[in-house]
Amino acid sequence: VGAGKTLAAVLASRVIGARLTVIVAANATLERWREEILRAFPNSTVIVKERDIAAIDLATPTYLVVNYESFQQTWSETLVTNLVATHTVDFVVLDEVQSVRQRFPASDSRRRRLVELLLDGAAQRNPELRVLGMSATPVINTLHEAKTLLELVTGEALADLHLKPTVSNAVKMHQKLILHGIRYRPKYQMDIDTRLVEVDGRSIFEQLRAVPSRDILKSEQVLLQAKLPVISSWLRPGTLVFTQFVTGMTQPISDAVTRLGLKSGVFTGDEKTGLQQFLLRQVDVLIGSSPISTGVDGLQRVCNRVVLVCLPWTGAEYEQIIGRLHRQGSLFDKIEVIIPLVALRRGDAVWSWDQLRLQRIEWKRTLADAAVDGVIPQGQLPSKEEMHEQSLAALEDWYAALRQTGL
């Protein structure tokens, strides 16, 4: 994260002498792509989110920058078909290539199918087509994701790669990733100070018991009530507050910021205004959800503290969030990561949904570390089913301890 992939891709387009480069990226990053291209090579033509393919003129090196979201629209197939039929594409850059990941063999998406249509059509017209997939986190949930991303970029079927989450399979995936890619981890000067803060959950015990089965959002809303009274000690100007869920979460956090006499901005799937306000220091605290974790640059110059009031689901997204601050261009010596964990304790019995979420992140990060960086964990990688069984057993043990004490 923050290794300079954007500029590297622009440089690569000039090294191979590309006349037409198609860049597919997240919607929030399109203007940054335009700025990076023109800053590096001012004599470029940059076209952003243009549906009129006939307007492309290759008098100068040209970059067509489109967002992944456009590949989900009703007109997207016509756009792709006309593009590869009308123009010779020399280079395709898939930024944050995990955006077209395929988690399971049977799953697929319109977005992925149309990206494949773009690559196949461009390759038929230009056998010398180059494809670059960029990602700090190619493995998020399963090894199948890494396999399908490799197949997407190379155009080859990799039937020899097996997907069961074992050390040997992760090592084989690592070998393929190294064969077809470059992994660069910058040695940043700033330290990361991670603090796990336990929060007493007794005040919300009855509310947690009343949460309907499988209603994870409701559980997180209830847990937030226990965290809000102590959140004031972590909030100050230049703080990012992350929450995986938005409904019933961002407003209470914003209210807590206001009670401290601070101003807050929001950056979520529906509300994007807060980011620019935060970068300009017009607000003190930025409340962000999943969109803040990918392709956002500039936070490292105004922020060095992130509070994860509602954890992400995966180790990869966790790394992406921290990477918004722990990256090149940071103006700080230390990055502070604060993770509140609501716990219910009675004697030696402890139950904590936040702790289980954190363990889940660690498992998925372990799988990614083995596949992407070749870091071999001790023992076997636990499956999701095994972790689920362990969590249920821990919950039953906690209830049993409560009953023994008469509570």
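From a predicted model like this one, the values you see are computed outputs, not experimental measurements.

Reading guide: rules and limits
- Residues numbered from 1 in each chain as written.
- Predicted model: local features only at pLDDT ≥ 70, side-chain atom pairs only at ≥ 80, totals over all residues.
- Heavy atoms only, no water.
- Salt bridge = Lys/Arg side-chain N within 4 Å of Asp/Glu carboxyl O.
- Helix = DSSP H or I, 4+ residues; strand = E, 2+ residues; numbered from the N terminus.
- Buried < 20%, exposed > 50% of the residue type's maximum accessible area, 1.4 Å probe, protein only.
- Pairing = 2+ DSSP bridges.
- Contact = heavy atoms within 4.5 Å.
- Patch = residues over 30% accessible without salt bridge, like charges linked within 9 Å, V, L, I, M, F, W, Y side chains within 5 Å.
- Areas by Shrake-Rupley, 256 points an atom, 1.4 Å probe, with all protein chains shown as cover.
- Phe/Tyr/Trp six-rings, centres within 6.5 Å; stacked < 30°, edge-to-face > 60°.
- Lys NZ or Arg CZ within 6 Å of the ring centre and 35° of its normal.

## Regarding the pattern of salt bridges
A side chain with one charge may pair with a side chain of the opposite charge, provided their charged atoms come close.
Then, number 1: Going through the model one piece at a time under the given rule, you end up with 13 salt bridges.
Then, number 2: The residue Glu 31 makes a salt bridge to Arg 34 at a minimum N-O spacing of 3.0 Å. Residue Glu 31 and its partner Arg 34 are located together in helix 2 (residues 30–40), separated by 3 residues, close to a single helical turn.
Then, number 3: Take Glu 31: its relative accessible area is 42%, and that puts it in the partly exposed class.
Then, number 4: Where Glu 198 meets Arg 345, a salt bridge forms, and the shortest distance between an N and an O atom there is 2.7 Å. Linking Glu 198 in strand 6 (residues 191–200) with Arg 345 in strand 11 (residues 334–346), this pair joins segments that are 147 residues apart in sequence.
Then, number 5: Connected through shared salt-bridge partners, Arg 195, Arg 236, Arg 305 and Glu 336 make up one network.

## Details of the pairing of strand 1 (residues 20–25)
Then, number 1: Counted residue by residue, strand 1 has 6 buried out of 6 residues, so it is predominantly covered.
Then, number 2: Covered by surrounding structure in strand 1 are Leu 20, Val 22 and Val 24 together with Thr 21, Ile 23 and Ala 25, the residues of both alternating faces.
Then, number 3: Two elements, strand 1 and strand 3 (residues 62–67), share 6 bridges in a ladder whose sense is parallel. The partner of Thr 21 across the bridge, within strand 3, is Tyr 63.
Then, number 4: The sheet contact formed by strand 1 and strand 4 (residues 91–94) spans 4 bridges and is parallel. Note on strand 4: the bridge partner recorded for Ile 23 is Val 93.

## Thoughts on the side chain of Ser 135
Then, number 1: Mapping Ser 135 onto the fold places it in the loop between strand 5 (130–133) and helix 5 (143–154).
Then, number 2: Non-local contacts of Ser 135, meaning those with residues more than four positions away in its chain, are made with Lys 5, Val 97, Gln 98 and Arg 183.

## Some thoughts on a nonpolar patch on the surface
Then, number 1: A cluster of nonpolar side chains, contributed by Leu 11, Val 15 and Ile 16, occupies part of the molecular surface with about 280 Å² of accessible area.
Then, number 2: Within the fold, Val 15 resides in helix 1 (residues 5–15).
Then, number 3: According to the relative accessible area criterion, Val 15 is exposed, its value standing at 65%.

## Observations concerning the packing of aromatic side chains
One pair of aromatic rings is described through two measures. These are the centre distance and the angle between the planes.
Then, number 1: Tallying each qualifying case throughout the model produces 1 aromatic pair.
Then, number 2: Between Phe 245 and Trp 313, the ring centres sit 6.4 Å apart and the planes meet at 85 degrees, which makes this aromatic pair edge-to-face. With a gap of 68 residues between them, Phe 245 in the loop between strand 7 (239–243) and helix 9 (250–259) and Trp 313 in the loop between strand 10 (305–310) and helix 11 (315–323) connect regions that are remote in the sequence.
Then, number 3: Its end group placed over the ring of Phe 41, Arg 14 keeps NZ or CZ at 4.2 Å from the ring centre.
Then, number 4: Cation over ring: Lys 272 sits above Phe 267, and NZ or CZ is 5.6 Å from the ring centre.

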